[in-house]
Amino acid sequence: MSDDSLLTRIVNLRESQNWSQIKLGKKLNLDKSTMNKIENGTRRVSTDELEKIADIFNVSTDYLLGRENKEYELPESKGQIVANHMGDSVSEDEMEDILDYIEFVKQKRKKK
């Protein structure tokens, strides 16, 4: 794995969502300075961060690491699942709250 491919893929995925480093950093509980260091290759991505990035963008860690070239999508997006349970529309703020809660539950599970 080359760090360059990992960094390039993180930047490309972030930019494909039109997200700033601040927005992705918030999802990873990292500040803008740390995100900048990651994207510039002056700070390594931890295993936990790599897993979170893969979850956020619905790609495999192998894709991020350059071990495979194909991105994959979940059969049904998280947004579709939430919309099915909450009605036909979910605001971006509501989606952020829901995804934050999902991350909270995942972290709670890891502590068990």
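To keep things clear, this report deals only with the structure shown in the data block. Quantities reported herein were computed from a predicted structural model and do not represent experimental measurements. Here, residues in each chain are numbered from 1, in the same order as that chain's written sequence. Local features are withheld for residues below a pLDDT of 70 in this predicted model, meaning they are given only at 70 or higher, and side-chain atom pairs are given and counted only at 80 or more; totals for whole chains, interfaces and linings count all residues. To obtain the side-chain values, all non-hydrogen atoms of the structure were included, while hydrogens and water were left out.

What follows deals with a negative patch on the surface. Only residues whose relative accessible area exceeds 30% and that form no salt bridge enter a patch; like-charged residues are grouped when within 9 Å of one another, and nonpolar side chains (Val, Leu, Ile, Met, Phe, Trp, Tyr) when within 5 Å. Shrake-Rupley sampling with a 1.4 Å probe provides the accessible areas, and residues are treated as covered by the protein chains on show and by no other component. By definition here, a salt bridge exists when the distance from a side-chain nitrogen of Lys or Arg to a carboxyl oxygen of Asp or Glu is within 4 Å. In this tally Asp and Glu are treated as negative and Lys and Arg as positive; neither His nor the chain ends contributes. Think of each charge as sitting on NZ of Lys, CZ of Arg, CG of Asp or CD of Glu. Together, D93, E94, D97 and D100 make up a region of like negative charge exposed at the surface. Numbered from the N terminus, helices here are DSSP runs of H or I no shorter than four residues, and strands are runs of E no shorter than two. With respect to the secondary-structure elements, D100 resides in helix α7 (residues 92-111). Owing to a relative accessible area of 44%, D100 belongs among the partly exposed residues under this scheme. Think of it in three bands: residues with accessible area under 20% of the maximum for their type are buried, residues over 50% are exposed, and the middle band is partly exposed, with areas taken using a 1.4 Å probe on protein chains only.

Moving on, we come to the packing of aromatic side chains. Geometry of aromatic contacts follows a simple scheme: Phe, Tyr and Trp rings, the Trp one being its six-membered ring, pair when their centres are within 6.5 Å, and the pair is stacked under 30 degrees between planes, edge-to-face over 60, tilted otherwise. Throughout the structure, instances matching the rule amount to two aromatic pairs. Each ring, one from W19 and one from F57, has its centre 5.3 Å from the other, and the planes form 35°; the classification is tilted. Placement of W19 in the loop between α1 (3-16) and α2 (21-28) and of F57 in helix α4 (residues 47-57) is noted, with a sequence separation of 38 residues between them. Judged by its relative accessible area of 15%, W19 falls in the buried class. A centroid spacing of 5.9 Å and a plane angle of 35° characterise the contact between Y101 and F104, whose relative ring orientation is tilted. A residue pair is termed a helical-turn pair when its members lie 3 or 4 positions apart in one helix, as Y101 and F104 do in helix α7 at three residues. Note on Y101: relative accessible area 53%, which makes it exposed. Between the NZ or CZ atom of R9 and the centre of the ring of Y63, over which it lies, the distance is 4.3 Å. Criterion for a charge above a ring: Arg CZ or Lys NZ at most 6 Å from the ring centre, at most 35 degrees from the ring normal.

Moving on: the side chain of K52. Its location among the elements puts K52 in helix α4. In this structure, K52 is buried with no salt-bridge partner, the nearest side chain bearing the opposite charge being E103 at 4.4 Å. Contacts: residue pairs with any heavy atoms within 4.5 Å of one another. When neighbours within four sequence positions are excluded, K52 is seen to be in contact with L28, N29, E103 and Q107.

Our next topic: the packing of α2 against helix α3 (residues 32-40). With their axes 8 Å apart at the nearest point, α2 and α3 run at an angle of 100° to one another. One finds that α2 runs roughly perpendicular with respect to α3. Packed against α2, whose contacting residues are Q21, I22, L24, G25 and L28, the element α3 presents K32, M35, N36 and E39 at the interface. Amino acids outside the nonpolar list (Ala, Val, Leu, Ile, Met, Phe, Trp, Tyr, Cys, Pro) and the charged list (Asp, Glu, Lys, Arg) are all regarded as polar, and Gly is one of them. Residue composition of the contact of α2 with α3, by class: four nonpolar, three polar and two charged. Throughout, an axis means a line fitted to C-alpha atoms (over the contacting stretch in the case of helices), and angles, computed between N-to-C directions, take values from 0 to 180 degrees. When describing relative orientation, an angle under 35 degrees is termed roughly parallel and one over 145 degrees roughly antiparallel, while 65 to 115 degrees is termed roughly perpendicular and anything else oblique.

Applying the stated rule across the entire model yields six salt bridges. The shortest N-O distance in the salt bridge between R14 and E15 comes to 4.0 Å. Judged by its relative accessible area of 9%, R14 is buried. Of the charged contacts, one joins D62 and R67 as a salt bridge, the two residues approaching to 3.4 Å between their closest N and O atoms.

Between the first and last C-alpha of α7 there are 29 Å, a value that for 20 residues agrees with the 28 Å anticipated at 1.5 Å per step. Within the span of α7, buried status applies to M95, E96 and E103. Projected down its long axis, α7 carries its buried residues within an arc of 100°, all on one side. Of the exposed residues in α7, those oriented more than 90 degrees away from the buried face are D93, D97, Y101, R109 and K111. A helix is expected to span 1.5 Å multiplied by its residue count minus one. What the arc measures is the spread of directions leading from the helix axis to the C-beta atoms.

Keep in mind that these numbers describe shape and distance, not what the molecule does.
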